[in-house]
Amino acid sequence: MLPGKGKPHFPLNLLADFAGGGLICAMGILLALIERGKSGKGQVVNADMVSGARYVSSFPLIHALIPVSPYMSGPRGTNLLDGGAPFYGVYECKDGGWMSVGCLEPQFFEVFLDLFLKSLPKDFLAQREWKPTLSSQGNRDDWPKFLDFLEQGFLTNTRDYWTKVYHGTEACTVPVLTPMEASKLSGSMLPESHPIVKNNLGSESGLHQTIRKKMPFVLQPGQHAEEILCQLGLSEAERRQLTADGALGKPAAKL
C-alpha cells in the first residue's frame, strides 16, 4: 500500500514508532486520565506499535477491501493516493530539486493546471500532441499521458521557478525542502510544540506559554539526572557515587 512501484520502502519510523506507538499510547493515557477523573478508578493502557500502526492505517486498509473504492482498490501504484494519480505526487525539476503536488479537490486542481500550462515554455507546448484539461483529473485513461506531461513539464525549469509560480495560491503545490532549508524558514531546526491549547478566551494555556518561551531547546545528556535520582529516593551519597563511577554521562573520577 506504500506509494510507488517496485520494492516498498519503510516510511522512516514515523508510522510505527511515533504514530502507532507513541501517539496512540499518549492518547490511551489521556483517555485513562479522563476515566479516572470520572470514576475514580485506575486504568491499564494496553498499546503496541503493530496494532497502533494498523489502526492509524484504517483508512487505506478499509478502502483496500472495497472493490469499487476510488482510493485503494487497484494494484499498488495505480490508485488515487499511492502514486497512481498524476495530480498527487512529487516531481523532479530541472536543477534536481523537487515539487510536491496534492491538488485532489477540483477547485485546487483547476488552479494548479491553469498556472502550470501558463508557466510552461511555448516551445514545450508546441511540441506536445496532447495537453491535459480539467476533465483529465477524473479520466483515468488520461493518467499515463498526464503523468508524462507533468514529469516533462516540471523538468523545463528549476524548483525555485515553480515555487514562485505556485507560492500564495490554492494549487496545493509546494517545494520539497531540505531540513536546513525548512529550519531557515521556521527559524529553528526543532518543530514547535503542537497542538497549541487555548482556553475559551482565546489565550494559550500557561503550559504552552512556558514551552513556547523556552523553544528551541535541546536536552543535554544527564541534564535532569539529579532531579530524577532524587525522585527515585537515592541518597546524596548514592548520587555522588554514581557520578564518580561515570554513570551519569560524565567521565568517571580517576583514583
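These notes cover the structure that comes with them. (Residues numbered from 1 in each chain as written. Predicted model: local features only at pLDDT ≥ 70, side-chain atom pairs only at ≥ 80, totals over all residues. Heavy atoms only, no water.)

**As for the packing of helix 4 (residues 106-119) against helix 6 (residues 143-154)**
The angle between the axes and the distance between the axes are what describe a pair of packed helices.
Part 1 of the argument: Where helix 4 contacts helix 6, the axes come no closer than 12 Å and their chain directions differ by 50°. Comparing the axis directions of helix 4 and helix 6 gives the class oblique. Here helix 4 runs over helix 6; the crossing is left-handed. The residues of helix 6 that touch helix 4, namely those facing F109, F112, L113, F116 and L117, are F146, F149, L150, G153 and F154.
Part 2 of the argument: Looking at side-chain class alone, the contact of helix 4 with helix 6 contains nine nonpolar, one polar and no charged residues. (Axes fitted to C-alpha atoms, helices over the stretch in contact; angles between N-to-C directions. Helix = DSSP H or I, 4+ residues; strand = E, 2+ residues; numbered from the N terminus. Parallel < 35°, antiparallel > 145°, perpendicular 65-115°, else oblique. Left-handed = near helix turned anticlockwise from the far one by under 90°. Contact = heavy atoms within 4.5 Å. Nonpolar A, V, L, I, M, F, W, Y, C, P; charged D, E, K, R; others polar.)

**As for the side chain of D82**
Part 1 of the argument: Tracing the backbone through its elements, the reader meets D82 in the loop between helix 3 (58-64) and strand 1 (88-92).
Part 2 of the argument: One buried charged residue, D82, remains without a salt bridge, the closest side chain of opposite sign being R76 at 6.6 Å.
Part 3 of the argument: Among the polar contacts listed, one links the side chain of D82 to the backbone nitrogen of N79, at a separation of 2.8 Å. (Buried < 20%, exposed > 50% of the residue type's maximum accessible area, 1.4 Å probe, protein only. Lys, Arg positive; Asp, Glu negative; His and termini not counted. Salt bridge = Lys/Arg side-chain N within 4 Å of Asp/Glu carboxyl O. Polar contact = N/O pair within 3.5 Å; in protein donor to acceptor, adjacent residues only side chain to side chain.)

**Here's the deal with the pairing of strand 1**
Part 1 of the argument: Of the pairings in the sheet, the one linking strand 1 to strand 2 (residues 98-102) comprises five bridges and is antiparallel in character. Residue pairing across strands places Y88 opposite G102, the latter belonging to strand 2.
Part 2 of the argument: Turn length for the strand 1-strand 2 hairpin, with the two strands adjacent in sequence and antiparallel, is five residues, and the turn residue G96 shows positive phi of about 90°. (Pairing = 2+ DSSP bridges.)

**Digging into helix 4**
Part 1 of the argument: Between its first and last C-alpha atoms helix 4 spans 20 Å; for 14 residues at 1.5 Å apiece the expected length is 20 Å, and the two agree.
Part 2 of the argument: Buried-residue contacts for helix 4 involve strand 2, helix 6, helix 7 (159-166) and strand 3 (173-175). (Expected span 1.5 Å × (residues − 1).)

**Points about the pattern of salt bridges**
Part 1 of the argument: Going through the model one piece at a time under the given rule, you end up with seven salt bridges.
Part 2 of the argument: Here D114 makes a salt bridge to K118, at a shortest N to O gap of 3.2 Å. Of this pair, D114 and K118 both sit in helix 4, four residues apart, which is roughly one turn of the helix.
Part 3 of the argument: Note on D114: relative accessible area 36%, which makes it partly exposed.
Part 4 of the argument: Its relative accessible area of 63% is what places K118 among the exposed residues.
Part 5 of the argument: K145 is paired through a salt bridge with D142; the nearest N and O atoms lie 3.5 Å apart.
Part 6 of the argument: When its relative accessible area of 11% is taken as the criterion, D142 is described as buried.
Part 7 of the argument: Taken together, the salt bridges that share partners define one network made up of R159, D160 and E181.

**A word on the sheet that holds strand 1**
Part 1 of the argument: Here we have three strands laid out as an open sheet, ordered 1-2-3, and antiparallel in their pairing. Lying at the two open borders of the sheet, with one neighbouring strand each, are strand 1 and strand 3. Averaged over all adjacent pairs, the angle separating strand axes in this sheet is 20°, with direction ignored.
Part 2 of the argument: Along the sheet, helix 6 contacts strand 1 and strand 2; its crossing angle with strand 1, the most-contacted strand, is approximately 35°.
Part 3 of the argument: Running at roughly 35° to strand 2, helix 7 makes contact with strand 2 and strand 3 of the sheet.

**Structural notes on unusual backbone geometry**
Part 1 of the argument: A positive phi angle, near 55°, is found at C172, a position not held by glycine.
Part 2 of the argument: Its location among the elements puts C172 in the loop between helix 7 and strand 3.
Part 3 of the argument: Relative accessible area serves as the criterion here: at 32%, C172 is assigned to the partly exposed category.

**Observations regarding the packing of aromatic side chains**
Part 1 of the argument: Taken as a whole, this structure holds 16 aromatic pairs when the rule is applied.
Part 2 of the argument: On the basis of an interplanar angle of 15° and a centroid distance of 5.5 Å, the ring pair of F112 and Y166 is categorised as stacked. With F112 in helix 4 and Y166 in helix 7, the pair connects residues that are 54 residues apart, well separated along the chain. (Phe/Tyr/Trp six-rings, centres within 6.5 Å; stacked < 30°, edge-to-face > 60°.)

**A few points about the pairing of strand 2**
Part 1 of the argument: Only one face of strand 2 is buried: it carries M99 and V101, and the other face, with W98, S100 and G102, is open.
Part 2 of the argument: Sheet analysis places strand 2 next to strand 3, joined by three bridges and oriented antiparallel. Opposite V101, over in strand 3, you have T173 as the bridge partner.

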